[in-house]
Amino acid sequence: MNKKIIAMLMSALIVATLLAGCNGGKNASDKKDEAAKDSKTIGVVVSTLQNPFFVDLKTGAEEKAKELGVEIIALDSQDDPAKELSNVEDLITKNVDVLLINPTDSDAVAAAVMKANEAGIPVITLDRASNGGEVVSHIASDNIAGGKMAGEHIIKLLEGKGNVVELEGIPGSSSARERGQGFNEAIEGSELTVVAKQTANYDRTEGLSVMENILQANSDIQAVFAHNDEMALGALEAIKTSGKDIKVVGFDATDDAVKSVEAGELAATIAQQPKEIGSLGIETAVKVVNGETVEKSIPVELKLVVK
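Residues numbered from 1 in each chain as written. Predicted model: local features only at pLDDT ≥ 70, side-chain atom pairs only at ≥ 80, totals over all residues. Heavy atoms only, no water.

An unreviewed UniProt entry lists the chain under the name Ribose ABC superfamily ATP binding cassette transporter, binding protein, with Peptoniphilus indolicus ATCC 29427 as the source organism. Looking at the chain in UniProt, the text filed under Sequence similarities (unreviewed entry) is "Belongs to the bacterial solute-binding protein 2 family." UniProt annotates the chain under Subcellular location (unreviewed entry) with the comment "Cell envelope". (UniProt positions renumbered as here; feature names shortened; annotations may be inferred.)

(A) Spatial organisation of the packing of helix 2 (residues 52-68) against helix 10 (residues 274-289). Following both chains from N to C, one finds helix 2 and helix 10 inclined at 40°, their axes separated by 6 Å at the closest point. As far as their axial angle goes, helix 10 and helix 2 are oblique. Every pair of crossing elements has a handedness; the one defined by helix 2 and helix 10 is right-handed. Contact with helix 2, carried on its side by Phe53, Asp56, Leu57, Thr59, Gly60, Ala61, Glu63, Lys64, Ala65 and Leu68, involves Pro274, Lys275, Ile277, Gly278, Ser279, Ile282, Glu283 and Val286 of helix 10 and no other residues of that element. Of the residues that constitute the contact of helix 2 with helix 10, the class distribution is 9 nonpolar, 4 polar and 5 charged. (Axes fitted to C-alpha atoms, helices over the stretch in contact; angles between N-to-C directions. Helix = DSSP H or I, 4+ residues; strand = E, 2+ residues; numbered from the N terminus. Parallel < 35°, antiparallel > 145°, perpendicular 65-115°, else oblique. Left-handed = near helix turned anticlockwise from the far one by under 90°. Contact = heavy atoms within 4.5 Å. Nonpolar A, V, L, I, M, F, W, Y, C, P; charged D, E, K, R; others polar.)

(B) The nonpolar core, seen in detail. Membership of the largest hydrophobic core comes to 29 residues, with the highest contact counts inside it found for Val165, Leu167, Met211, Val224 and Leu266. If you list the elements that add at least two residues to this core, you get strand 6 (161-168), helix 7 (204-217), strand 8 (223-226), helix 8 (229-242) and helix 9 (255-262). For this core, the element with the highest residue contribution is helix 8, accounting for 7 residues. (Core = buried A, V, L, I, M, F, W, Y, C linked by side-chain atoms within 4.5 Å. Buried < 20%, exposed > 50% of the residue type's maximum accessible area, 1.4 Å probe, protein only.)

(C) Inspection of the sheet that holds strand 9 (residues 247-252) at higher detail. Within the open sheet, the 6 strands sit side by side as 7-6-8-9-10-12. Their pairing is mixed. On the outer flanks of this sheet lie strand 7 (191-199) and strand 12 (303-305), each paired with one strand and no other. Recorded for the sheet is a direction-independent mean angle of 20° between the axes of neighbouring strands. Both strand 10 (residues 268-271) and strand 12 contribute to a ladder of 3 bridges, which runs antiparallel. (Pairing = 2+ DSSP bridges.)

(D) Seen up close, the packing of helix 7 against helix 8. Remark: helix 7 packs on helix 8, axes separated minimally by 7 Å, with the N-to-C direction vectors making an angle of 40°. Comparing the axis directions of helix 7 and helix 8 gives the class oblique. Here helix 7 runs over helix 8; the crossing is right-handed. Every residue of helix 8 that contacts helix 7 at Arg204, Gly207, Leu208, Met211, Glu212 and Leu215 is listed here: Glu230, Met231, Leu233, Gly234, Ala235, Glu237, Ala238, Ile239 and Ser242. When the residues that make up the contact of helix 7 with helix 8 are grouped by side-chain class, the tally is 8 nonpolar, 3 polar and 4 charged.

(E) Structural context of the confidence of the model for the chain. On average, residues of the chain score 90 in pLDDT, and 88% of them reach the 70 mark or higher. Confidence drops under pLDDT 50 across residues 22-26; counting only partners more than four residues distant or on other chains, this segment forms 0 contacts. The low-confidence segment residues 28-37, where pLDDT is below 50, has 0 contacts with residues more than four positions distant or belonging to other chains. (pLDDT = per-residue confidence, 0-100.)

(F) Representation of the pattern of salt bridges in the model. Throughout the structure, instances matching the rule amount to 13 salt bridges. With its nearest N and O atoms 2.7 Å apart, the salt bridge here joins Glu62 to Lys58. You can see Glu62 and its partner Lys58 sitting in helix 2, 4 residues apart, about one turn around the helix. Relative accessible area serves as the criterion here: at 32%, Glu62 is assigned to the partly exposed category. Its salt-bridge partner being Glu265, residue Lys240 comes within 3.1 Å of it at the nearest N-O pair. With Lys240 in helix 8 and Glu265 in the loop between helix 9 and strand 10, this pair connects stretches of sequence that are 25 residues apart. (Salt bridge = Lys/Arg side-chain N within 4 Å of Asp/Glu carboxyl O.)

(G) The pairing of strand 4 (residues 123-126), seen in detail. By the alternation rule, side chains of strand 4 split into Val123 and Thr125 and Ile124 and Leu126, which are all buried. Here strand 3 (residues 98-101) runs beside strand 4; their pairing, made up of 3 bridges, is parallel. Counted as the bridge partner of Ile101 is Thr125 from strand 4. Read as a crossover between parallel neighbours, the route from strand 3 over helix 4 (residues 110-118) to strand 4 is right-handed. (Right-handed = clockwise from strand over helix to strand, strands pointing away.)

(H) Spatial organisation of the packing of aromatic side chains. Using the criterion set out here, one finds 2 aromatic pairs in the structure. For the pair Phe53 and Phe54, a centre-to-centre distance of 5.1 Å together with 90° between the ring planes defines the contact as edge-to-face. Comparing Phe53 with Phe54, the two get one shared label, buried. Here the basic side chain of Arg179 rests over the ring of Phe251, its NZ or CZ set 4.0 Å away from the ring centre. (Phe/Tyr/Trp six-rings, centres within 6.5 Å; stacked < 30°, edge-to-face > 60°. Lys NZ or Arg CZ within 6 Å of the ring centre and 35° of its normal.)

(I) Spotlight on helix 5 (residues 143-157). Between the first and last C-alpha of helix 5 there are 21 Å, a value that for 15 residues agrees with the 21 Å anticipated at 1.5 Å per step. Three or more residues of helix 5 are buried, namely Asn143, Gly146, Gly147, Ala150, Gly151, His153 and Ile154. Looking straight down helix 5, one finds its buried side chains confined to an arc of 160°; they lie on one side. Measuring from the backbone nitrogen of Ile144 back to the side-chain oxygen at the start of helix 5 gives 3.3 Å, which picks out Asp142 as the cap. (Expected span 1.5 Å × (residues − 1). Arc of directions from axis to C-beta. Polar contact = N/O pair within 3.5 Å; in protein donor to acceptor, adjacent residues only side chain to side chain.)

(J) The sheet that holds strand 1 (residues 41-46), seen in detail. Across the sheet, 6 strands lie side by side as 2-1-3-4-5-11; this open sheet has parallel pairing. Of all strands in the sheet, those bounded by a partner on one side alone are strand 2 (71-76) and strand 11 (297-300). Each strand axis lies, on average, 15° off the axis of its neighbour in the sheet, ignoring direction. Here strand 5 (residues 137-141) pairs with strand 11 via 4 bridges, running parallel. Pairing of Ala140 across the sheet is with Pro299, part of strand 11. In the packing of helix 2 onto the sheet, the strands contacted are strand 1, strand 2 and strand 4, and the crossing angle to strand 2 comes to about 165°. Relative to the sheet, helix 10 contacts strand 1, strand 2, strand 3, strand 4, strand 5 and strand 11, its axis offset from that of strand 5 by approximately 165°.

Now the structure itself:
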């Protein structure tokens, strides 16, 4: 082999080696970029972490996110629509891929949903719906069916006749409106009379104070339907103090409520599955990120919990 051919082969070998080195560096960088691109972040805005139900919802979301290998950023709105909007704006700044919002209020949350719409971030609502903006999916229990379930159980407990108190949830929230609707539809035509209807804002302390006031104004009460367990447990404390025998039915089946049912104190509670709502939220968000079609409304099963 002459020297010219050897020189040409050596040059080709050097060029190939350099190109391989360059391509190797480029591939490593590309892989890093692709990994970063594939890493998805889901924002979760929870109405309040002072309520055990929503703590469970957040836990369900976190567990499913870990299972599916996605990152989540969960923020607490502290039952404040202004804080909720601020949380959503914060997550928009962080460029999350999907937003899961558990609204503080169905009307107030619309501004936050529209902010996400403007930023091109898909929104999924959990437990409570939004009355404005574009939402790709809503995941919740059938609150109307749950309200009917509670009403039918109270009819059974009172043998179709008696005076009932309705403790309502946060005014404007879809859950309060729908649970109340289902309950009142169930007792329509019966001999049950709603003698007092007042909000206690899904809060145990307010449930106690509101029930105390109602008992002072009306001593002839046989049952209470509370739109959630926190208010039901508060009302139960007021009833215990009064010494009266009044049946109380709650909604959510939180741990405290189920223990109370088992102890023979609360008459019943309607079991939602908050962890399942949070889990389905993450599953649905991942589908949205992957370009899959999702259902506009995803129901979560309910059941009556009695002793």
